[in-house]
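Fold and contact review
Chain by chain, the residues:
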Amino acid sequence: SALGDYAVNTLQAKKIAVIHDGTAYGQGLAEEFKKAAIAAGAEIVKEEFTTDKAVDFTAILTNIKASTPDLLFFGGMDPQAAPMVQQMKKLGLSFPLIGGDGIRTPEFIKNAGPAANGMIGSTPGVELSSIASGQEFITRYGKQYGEIQLYAGYTYDAMMSVAEAMRMAQSTNPKVFIQKMGKIAYPGVTGTISFDSKGDVKGGAVTIYKVQNGKWVAVETVKQSVSNM
């Protein structure tokens, strides 16, 4: 929904085309994007689907070109997004592609080359480098493993949150420590981790990124207020 709001309210897209890869992830992402974009006042002028194995999108993109959208949303992963943006350039499509965390990877830029510039993706949470704990984690991780691909900080916090619940429960039995998960307030590398009554992270955020000069650059973080959870 954050991507849908951003597409309409920040990018001022009025006519939007949508492609998804037919997976639970891609289709689910596309459905939520459409709901938010339509609610914000946009029109979905074309909707297409493909697979998570496809590499040729010429026919789909040609159909989309005829609908003259301001923006293309793709629900899917980077192995499809990279050739898709290359083929967009070959067809003379000047509008940007926007997608979720499945495309917001170093591999997308590596495989798409110059065609990646101007494309938009998102990641749950804040930009790690924007907070002290996150920057310190980037440094530690880099020394041990190299460049973070996408989820390392959030995976680390997820595991340490479980460990915190185990500590509070004084037990490693899942039936015991699960009762403490909703009560933790763990100071993680991505921020303080605590949960609402539905099990969602309180004050959750989504960060929007844009490829600029061959790098993902954070352009906006949308934070969800606790009162809206």
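Residues numbered from 1 in each chain as written. Predicted model: local features only at pLDDT ≥ 70, side-chain atom pairs only at ≥ 80, totals over all residues. Heavy atoms only, no water.

**Structural notes on the nonpolar core**
- Of all hydrophobic cores here, the largest spans 27 residues; its most connected members are Leu72, Leu97 and Phe108.
- At the level of secondary structure, the elements contributing two or more residues to this core comprise strand S1 (15-20), helix H3 (58-66), strand S3 (71-75), helix H4 (78-90), helix H5 (106-112) and strand S8 (205-212).
- In terms of residue count, H4 provides more of this core than any other element does, five residues in total.
- Setting aside its immediate chain neighbours within four residues, phenylalanine 108 contacts Asp78, Ala81, Ala82, Val85, Ile103, Ala116, Met119, Val211 and Trp216.
- Of all hydrophobic cores here, the second largest spans 16 residues; its members include Leu3, Ala7, Val8 and Ile208. (Core = buried A, V, L, I, M, F, W, Y, C linked by side-chain atoms within 4.5 Å. Buried < 20%, exposed > 50% of the residue type's maximum accessible area, 1.4 Å probe, protein only. Helix = DSSP H or I, 4+ residues; strand = E, 2+ residues; numbered from the N terminus. Contact = heavy atoms within 4.5 Å.)

**Examining the packing of aromatic side chains**
- Summed over all chains, the structure comprises five aromatic pairs.
- Relative to phenylalanine 73, the ring of phenylalanine 33 lies with its centre 4.1 Å away and its plane at 10°, an arrangement referred to as stacked. Residue phenylalanine 33 is located in helix H2 (residues 24-39), and its partner phenylalanine 73 is located in strand S3; the two are separated by 40 residues in the primary sequence. This pair shows no difference in class: phenylalanine 33 is buried, exactly as phenylalanine 73 is.
- Across the ring face of tyrosine 209, the terminal group of arginine 104 is positioned such that the distance to the ring centre comes to 3.9 Å. (Phe/Tyr/Trp six-rings, centres within 6.5 Å; stacked < 30°, edge-to-face > 60°. Lys NZ or Arg CZ within 6 Å of the ring centre and 35° of its normal.)

**Some remarks on helix H1 (residues 2-10)**
- Three or more residues of H1 are buried, namely Ala2, Leu3, Gly4, Tyr6, Ala7 and Val8.
- Looking one or two residues past H1, glutamine 12 carries a phi angle of roughly 60°, positive in sign.

**Details of the pattern of salt bridges**
- Tallying each qualifying case throughout the model produces six salt bridges.
- For the salt bridge of glutamate 32 with lysine 35, the shortest nitrogen-to-oxygen distance reads 3.3 Å. One end of the pair is glutamate 32 and the other is lysine 35, both in helix H2 and three residues apart, which spans about a single turn.
- Owing to a relative accessible area of 38%, glutamate 32 belongs among the partly exposed residues under this scheme. (Salt bridge = Lys/Arg side-chain N within 4 Å of Asp/Glu carboxyl O.)

**Re the pairing of S3**
- Most of S3 sits out of view: five of its five residues are buried.
- Relative to S3, S1 runs parallel, the two sharing five bridges. What sits directly across from alanine 17, in S3, is leucine 72.
- Alignment of S3 against strand S4 (residues 97-99), held across three bridges, turns out to be parallel. When the sheet's bridge partners are listed, leucine 72 is paired in S4 with leucine 97.
- Running through H4, the crossover from S3 to the neighbouring parallel element S4 is right-handed. (Pairing = 2+ DSSP bridges. Right-handed = clockwise from strand over helix to strand, strands pointing away.)

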